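Tertiary structure, described
Now for the letters of each chain:
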Amino acid sequence: MDDGLPSVPRFAVLHALAAGVDFERYFRWRRSRAGDPFFVRFPGFGSALFTGTPAGAREIFRAPPDLTEPPRPNPIEPMVGTASLILAAGARHRRDRTLLAPAFHGARIRAYGELIGDSADDEISGDTAGSTAWRPGVRVDSRAAARSITLRVILTAVFGVDSDERRGEYTAAVTEFLTAFSGPLMLVPALRRGLFGQAPWDRFVAARARLDRLIHADIARRRGAPRPASTDILGLLLSTGYDDGTAISDNDLCEQLRTLLVAGHETTATSLVWALFHVHREPAVLERLRAELRAAGPGAHPAELARLPYLDAVCQETLRLHPAVPIVLRRLTGPFELRGVALAAGDTMGVAVPLLHSDSGVWQDPERFRPERFLERRYSPFEFAPFGGGHRRCVGATLAEYELRIVLARILDRVRLTLPPRYARGRAPLSVPHNIATGPHRSIPFDVVA
Ligand code: HEM
């Protein structure tokens, strides 16, 4: 592949990220120089041909499944493990997806409605370890609160964690694990080396081992004493097997569960923070949303909340403006043409989601947070793709969407928040990578008012 990149600094992406430039601006800059599609070089990982148009997204998402696989080397491999669904390709991806997907089907997810509402309630009441009740006068760190809620949901949904002690152990281990996998470790494979137990890589490996010990202990306990009619994902995976009748090994199961923790926690938390941010910057949006929630009633069932059209539009608009996963990549196993550019086996192509979500042919006033656009028309999966697309579309999308709606509704129902003046006007904070997702480069505080 001739990527035609002589004018791009070798470590352009690294420089851009270190300088606090978000992906959207970086993509815009590349496209302004090269048009669409355009190449981006990732240090240590090679180049990828990107598109930010619906026609390009259609070509990528409709590419024959056997012609694509996840990019290699993959920056997140140390986090999720080689057995992860995120890294599987071909027949193995089909097999693992068939095993995991039923755990995320609508009916099962709806069973988590109460759990999601309770998790938000506990955070607001200050009933979770390390949190303070959201009383008037308190300043809430939205990132910490959102992470706490989504972690609680995922721990219960995936592992059936129901004791405070076990939750505390998992929370400490997951937090240490995610913090230890720093941006430099993700982007510079050369740093993944130990040095007498003191290097960042050593700390990461130790944190991963600590988390795996917890997961393996749960697997062993549950294999020994299955819970009847278990509704959590671990129980489901233990009670079923692959299509060919074989069972999943403990190691593979551990990596799939670690994947779900990593993929399902930060992404949803970050989206919740952005939703709260925009809703509280736009008085008309807040007012309309509150009116809809009032009409639904304070005791509205989670399933009812998830069906409210304006709440739905607010969540969609949040994911449009701030896709937590801004890059969706595919590596080719054979020749392919993307927007007229010939690619060969081994080349990588990708959708630049922030560009897709601001394409001027589809979105009017794309910079504005305007949920109404989702009430006025439907967008195709090639115009709006916060969860990627095709055969690899996010397996947890239904859970994430359900969770976002219920938690946002619960917070607005229970407390009044305002943004401190410096956040209420002007530019939104930049969106920068945090582990597997991107999020505001600093936490956004909210003041609880009477
Ligand atoms: C707002 C929250 C979320 C966003 C924005 C998001 C976004 C994405 C995106 C863009 C992909 C790549 C899709 C592609 O390659 O076409 C993906 C894949 C994936 N996501 Fe999510 N995700 C979210 C929440 C979750 C949750 C809650 C879970 C599970 C608990 C989850 C588990 C996964 C897994 C396992 C994959 C790999 C799927 C495959 O390769 O077959 N995600 N997600």
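Provided above is the structure to which this section pertains.
In what follows, the accompanying structure is described. (Residues numbered from 1 in each chain as written. Predicted model: local features only at pLDDT ≥ 70, side-chain atom pairs only at ≥ 80, totals over all residues.)

**Digging into the overall build of the chain**
In terms of regular secondary structure, the chain is built from 20 helices and 12 strands. A compact globule built from 450 residues should have a C-alpha radius of gyration of about 22 Å, and the chain, at 22 Å, falls within 12% of that. When its C-alpha atoms are laid out on the principal axes, the chain stretches across 60 × 55 × 45 Å. In the chain, which comprises 450 residues, the share counted as buried stands at 40%. Intrachain contacts of the chain at a sequence separation of at least 6 include 74% that bridge at least 24 residues. (Helix = DSSP H or I, 4+ residues; strand = E, 2+ residues; numbered from the N terminus. Rg over C-alpha atoms; globule rule 2.2 N^0.38 Å. Buried ≥ 20, exposed ≤ 12 C-beta atoms within 10 Å, placed from the backbone. Contact = placed C-beta atoms within 7 Å.)

**A short note on unusual backbone geometry**
In the segment running from Asp 36 into Pro 37, the intervening peptide bond is cis, with an omega of 5°. Its place among the elements puts Pro 37 in the loop between helix 2 (23-34) and strand 1 (38-42). Here Arg 72 and Pro 73 are connected by a cis peptide whose omega angle stands at -10°. Of note, Pro 73 is situated in the loop between strand 3 (68-69) and helix 4 (77-80). In the Ramachandran plot, Phe 196 falls in the positive-phi region, its phi being about 50° despite a non-glycine side chain. You can see Phe 196 is positioned in the loop between helix 10 (183-187) and helix 11 (200-224).

**Some words on the site of the ligand**
Near the ligand you find 25 residues, and of these Gly 264, Thr 267, Gly 388, Cys 394 and Gly 396 are the closest. Secondary-structure elements contributing two or more residues to the shell around the ligand are helix 13 (250-281) and helix 19 (397-414). (Near = placed C-beta within 6 Å.)

**Quick notes on the nonpolar core**
Ranked by internal contacts, the top residues of the largest apolar core, which has 109 residues, are Val 158, Leu 272, Ala 275, Val 407 and Leu 408. No other element matches helix 13, which puts 15 residues into this core. In this view, Leu 272 contacts Ala 146, Leu 404, Val 407 and Leu 408; residues no more than four positions away in its chain are not counted. (Core = buried A, V, L, I, M, F, W, Y, C linked by C-beta atoms within 7 Å.)

**Quick look at the sheet that holds strand 5 (residues 327-332)**
Strand order in the open sheet formed by 5 strands is 1-2-8-5-3, with mixed pairing between adjacent strands. Two strands lie at the open edges of the sheet, namely strand 1 and strand 3, each paired on one side alone. Pairing of strand 2 (residues 46-51) with strand 8 (residues 348-352), which is carried by 3 bridges, proceeds in the parallel orientation. Bridge pairing in strand 8 places Phe 50 opposite Gly 350. Strands in contact with helix 2 are strand 1, strand 2, strand 5 and strand 8; relative to strand 1, the strand with the most contacts, it is inclined by about 130°. Here helix 3 (residues 54-61) sits on the sheet and contacts strand 2, strand 5 and strand 8; the angle it forms with strand 8, its principal contact strand, is near 135°. (Pairing = 2+ DSSP bridges. Axes fitted to C-alpha atoms, helices over the stretch in contact; angles between N-to-C directions.)

**Regarding the sheet that holds strand 9 (residues 416-418)**
Strands sit in the order 4-12-9 across an open sheet of 3 strands; the sheet is antiparallel. Both edges of this open sheet fall to strand 4 (139-141) and strand 9, since each of them pairs with a single strand only. Across the sheet, the axes of successive neighbouring strands diverge by a mean angle of 40°, strand direction being ignored. Of the pairings in the sheet, the one linking strand 4 to strand 12 (residues 445-449) comprises 3 bridges and is antiparallel in character. Along strand 12, the bridge assignment pairs Val 140 with Phe 446. Strands in contact with helix 8 (residues 142-159) are strand 4 and strand 12; relative to strand 4, the strand with the most contacts, it is inclined by about 60°.

**Remarks on the pairing of strand 5**
Residues in a regular strand project their side chains so that they alternate between the two faces of the sheet. Of all 6 residues making up strand 5, 6 are buried, and the element is well covered by its neighbours. Covered by surrounding structure in strand 5 are Ile 327, Leu 329 and Arg 331 together with Val 328, Arg 330 and Leu 332, the residues of both alternating faces. Of the strand pairs in this sheet, strand 3 and strand 5 are connected by 2 bridges, and their pairing is antiparallel. Each bridged residue has a counterpart across the sheet, and for Thr 68 the counterpart in strand 5 is Leu 332. One ladder, built from 5 bridges, connects strand 5 with strand 8; its direction is antiparallel. Note that in strand 8 the partner of Ile 327 across the bridge is Ala 352.

**Topic: helix 2**
Helix length check: helix 2, at 12 residues, gives a terminal C-alpha distance of 16 Å against a target of 16 Å (1.5 Å per residue), a fit within 8%. Those residues of helix 2 that fall on the buried side of the exposure criterion are Phe 23, Glu 24, Tyr 26, Phe 27 and Arg 30. One side of helix 2 carries all its buried residues, which in axial view fall inside an arc of 165°. More than 90 degrees from the buried face of helix 2, the exposed residues found are Ser 32 and Arg 33. Immediately beyond the C-terminal end of helix 2, within one or two residues, lies Gly 35, with a positive phi of roughly 75°. (Expected span 1.5 Å × (residues − 1). Arc of directions from axis to C-beta.)

**Section: the packing of helix 8 against helix 13**
Close contact between helix 8 and helix 13 brings their axes to 8 Å; oriented N to C, the two are set at 145°. Judged by the sense of rotation from one axis to the other, the crossing of helix 8 with helix 13 is right-handed. Here helix 8 contributes Ser 142, Arg 143, Ala 146, Arg 147, Thr 150, Leu 151, Ile 154 and Val 158 to the contact with helix 13, which in turn contributes Leu 257, Leu 260, Leu 261, Gly 264, His 265, Thr 268, Ala 269, Leu 272, Val 273 and Leu 276. Grouping the constituent residues of the contact of helix 8 with helix 13 by class yields 11 nonpolar, 5 polar and 2 charged. (Left-handed = near helix turned anticlockwise from the far one by under 90°. Nonpolar A, V, L, I, M, F, W, Y, C, P; charged D, E, K, R; others polar.)

Geometry only, nothing functional implied.
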